[in-house]
Every structure is written in C-alpha cells, then in structure tokens.
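Structural features, examined
Residue-level listing of the chains:
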Amino acid sequence: MSELAASGRAVLRVFYIGAGDPVAPRSGMDVVARAHIGELAGSPAVALTGVFVTLPADAPAPAFGGVTGYRADTRTPSKARKLAHLLSGKLLMSIGFVSTPARQAISAGLAAGPDLIVVDHIQALANVSMWRLVLGRTPFVFIAHNVTPDTLVDGARLRKSRLSALFLRIEAVQAWLIEALLLRRAARTVFISDSDARQYRGLTGARGVALCPVINRADVAPVSATLPVPQDIARDRRRVLFIGSPGFPPNRAAIDWITRSLAPALLALDAPAIVTFIGKGTRDHIGTPAANVETLGFVADDEMERLLGTCLCMLSPVVHGSGLKIKMLEAFAAGAPVMATPLSLQGFDFMGVDAALDLDRPEAAARHILALAQDPAAVEAARTQVRERWAAHSRQREGALVDTLIDARATRAG
C-alpha cells in the first residue's frame, strides 16, 4: 500500500474511462488498461464509481471485475456524424470506437459527481466530449500512452499511398491540438514513458509524471480457443522471438528486416537458433519461411508467457513509431533477455539494457545471437539480471498511480 493510501485520508471516488480490452490483452492499449484498472481496483484508497472500456465491434465482452465494456457502433458513420465527432474534440480515427450506450452511461456517471476522472489513452475520448472534460469542474487525470502526433507522422512515412499519408499528417496536427489542450488542462498527466514526459515537459511542467506500468505475471489469462504450442524445452531455448502483427506498419518493417537480413546472416553462421514469429497475420505476410524461421501466428497469452520465459532472447528491431513498446514491457515482465534498438528501449532506462541491434549491421546481431546460443550460462545470467531489475522496478512503482491521483485531487482542492 502506498504511503498516501495508508495515511487515513478519505477514499477517492474515481471514474475511469479507458480504451482496450482488460481481459485478453493483446495490444498496447489492452495491456496498460489491464495494469491500471487492476492497480486502482486493488487499492483501499480508491473507490471506482465507474470503469468503462471501448472495444472493437468484434471483441468479446470483458468480464474483469467491475468493468463495463461497450462494443463500437457498427453502422457506417455519415459525414454529419463525422463532423459532430470532430467538433466534440475527438480524433477522427477514434470514431470506430464510438458507442451510443457507452456515451449515455458515461455521461450519467460523470453527472453523479466523482472526485476525479481518469482518461486512459486518447482513444478513450471516443465516448466523452473533450470539452466536457476541460471545461468541467471535476479534475481529470490524463494517461498518455505515446506521443500520438509522432506516431502518426512516422506512420505516414511507411504508407505507399500519398493520399493515405496526407490523411495521417492531417490527423497528426489534430492529435497535437487535442493532446496539447488535455496536457494543459489535466490536473496531472501520467506518461507511461519518461522519454514522452520529457518531450511534453513544456506543456505539463511539474504536473507531468512518468510511471512505467507494471505487469503481474499472475494476471496473464489463457485464451482457450487458441491451439497450444507443443512444448519442447530444447527447441524453446533456441528460439529468438519476435512478437507483433504485420498489420501495424512499424512491426511490418521489423519483420521484413528480420526475414531479409538477420535470418540469412544466422544461416550463414550455421547458428543453432530458430527465429520465431508470433502475431496475427505473420504466416501470410512471410509466406514460405527460410529453414531457420517459423511462424506461430496468434498465440494465447499463457503460451506467449511460457515462450518468453524459456527463449534464447526476444528481438525488437523497431525503428518506427513512438512511446513505450509494450512487447518490451511484456518481455521484461517475463524475464526474457532482449536484443533491441535504441528506440525500442526508450522509457526502459531503469532496466539497464544496452541497445544491441543496429539494422545496418545484421551480421553483428547474428554473431551476438550465436554467442548466446553457445553460452547457456550467459543467457541465464542475462535472464536473472532482467528479473532482478524488473522486481526492483515493481517495488518502486507500487502505489505510485494511486498516489498521483490522490495528489491531483488534493492540489485542485487546495
């Protein structure tokens, strides 16, 4: 329990509006939503008066304690509806998460007068007007998952269609205006990456804090509909994992580098390593794999946890996008050694991991992997170091989000 939570202050009534599915986390939004909801729900200093998440139309309804989830409206939005969406201070891309029942329920919950509102991810604005937040009397805390404009601009660079790229750049401007207003008006802004907190320091000042989320390994939920990966410990220990769907352009670029540059370099060295891809769509994108490449497709959370816990290492050759890389978060939580680019390691300074991937030098990466494969003791030492540093982070992080919310309310009340 945090110091403030144990100080005997009145319970803080919090109304939480998030994005993603906290039951079967797969995307970054899902993983962080699960961590934040669990942290708030488990604190005696907080009473959650409402917990709402927005889900894609085909997502299963959540069953995580006390969470109300709403599927998106499935009808095609008219031009008038899109305009109304924009005028209410919402990203156009979030219109796919709009739900009329959610909007009505959230509006009623806010009218009941909670002590504090938490807006977790900019996509959470799909069902609440930004003007209701910034002009209302109830203080709100904004949890910023990444530098959204940077993500959109970088995504435009990866688009082949000029029209699609132009649309993303326009959205980047819109996202910057929305985020700037939220950052200026929020009682506190919680960044999940300290690099993002530094980038936006001019807008938040001392009201911005960096709190890298904590994932509880015990919270990993199995997905029973997914076929299990056959357990073969010897094979598992040779696996070099990449986790991510090619549907996300930064992942697609990373997958292409691995298959076209790194995997051939490993073959040339006759390295006893298996490059293993996990993620929806990887089989179709890669096609017929090389001799040292396998594609597992979508893997259940418990299976992915097992693979991370036994693999040779996890790869993150990501050089596009912004914000904290959630797959890195999951790898560290599972105790996996990682090989990553400097961008992938942004926000993880506390883990003390050196950037071991340079996309211009795939042969050097291949030699590093070969050295790991030939030295099981070094792999185990790296795994122990990851576990110890993650445990230290978890202890330091305990109760910090609750303390931030209490402090935000106390500051506004004073």
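Residues numbered from 1 in each chain as written. Predicted model: local features only at pLDDT ≥ 70, side-chain atom pairs only at ≥ 80, totals over all residues. Heavy atoms only, no water.

Turning our eyes to something else, we now look at the packing of helix 13 (residues 326-334) against helix 15 (residues 376-397). The N-to-C vectors of helix 13 and helix 15 enclose an angle of 100°; their axes lie 7 Å apart at closest approach. By the angle between their directions, the pair helix 13 and helix 15 is classed as roughly perpendicular. From helix 13, L329, F332, A333 and A334 reach across to helix 15, where they touch R383, V386 and W390. Residues that form the contact of helix 13 with helix 15 fall into these classes: six nonpolar, no polar and one charged. (Axes fitted to C-alpha atoms, helices over the stretch in contact; angles between N-to-C directions. Helix = DSSP H or I, 4+ residues; strand = E, 2+ residues; numbered from the N terminus. Parallel < 35°, antiparallel > 145°, perpendicular 65-115°, else oblique. Contact = heavy atoms within 4.5 Å. Nonpolar A, V, L, I, M, F, W, Y, C, P; charged D, E, K, R; others polar.)

It is characteristic of soluble globular proteins that their nonpolar side chains tend to be buried jointly. The biggest cluster of nonpolar side chains holds 56 residues, and the ones touching the most others in it are L308, L329, F332 and L405. At seven residues, helix 13 tops the list of elements feeding residues into this core. Residue contacts for F332: discarding those within four places in its chain leaves V338, L345, F348, M351, V353, V386 and W390. One finds F52, A180, A186 and A197 within the second-largest nonpolar core, a separate group that totals 36 residues. (Core = buried A, V, L, I, M, F, W, Y, C linked by side-chain atoms within 4.5 Å. Buried < 20%, exposed > 50% of the residue type's maximum accessible area, 1.4 Å probe, protein only.)

Mapping S99 onto the fold places it in the loop between helix 2 (79-87) and helix 3 (100-111). The class of S99 is buried, set by a relative accessible area of 1%. Spatially, the C-alpha atoms of S99 and R71 are 6.5 Å apart, while their sequence positions differ by 28 residues. Ignoring any residue separated from it by four or fewer positions in sequence, one finds S99 in contact with Y70, R71, D73 and N127.

Most of strand 9 (residues 274-278) sits out of view: five of its five residues are buried. Here strand 9 shows no split at all, with I274, T276 and I278 on one side and V275 and F277 on the other all buried. Both strand 8 (residues 239-243) and strand 9 contribute to a ladder of five bridges, which runs parallel. Note on strand 9: the bridge partner recorded for I243 is I278. Considered for its hand, the β-α-β crossover made up of strand 8, helix 10 (residues 249-268) and strand 9 is right-handed. By the bridge criterion, four bridges tie strand 9 to strand 10 (residues 293-297) in an arrangement that is parallel. Across the sheet, residue F277 finds its bridge partner in strand 10, namely T295. (Pairing = 2+ DSSP bridges. Right-handed = clockwise from strand over helix to strand, strands pointing away.)

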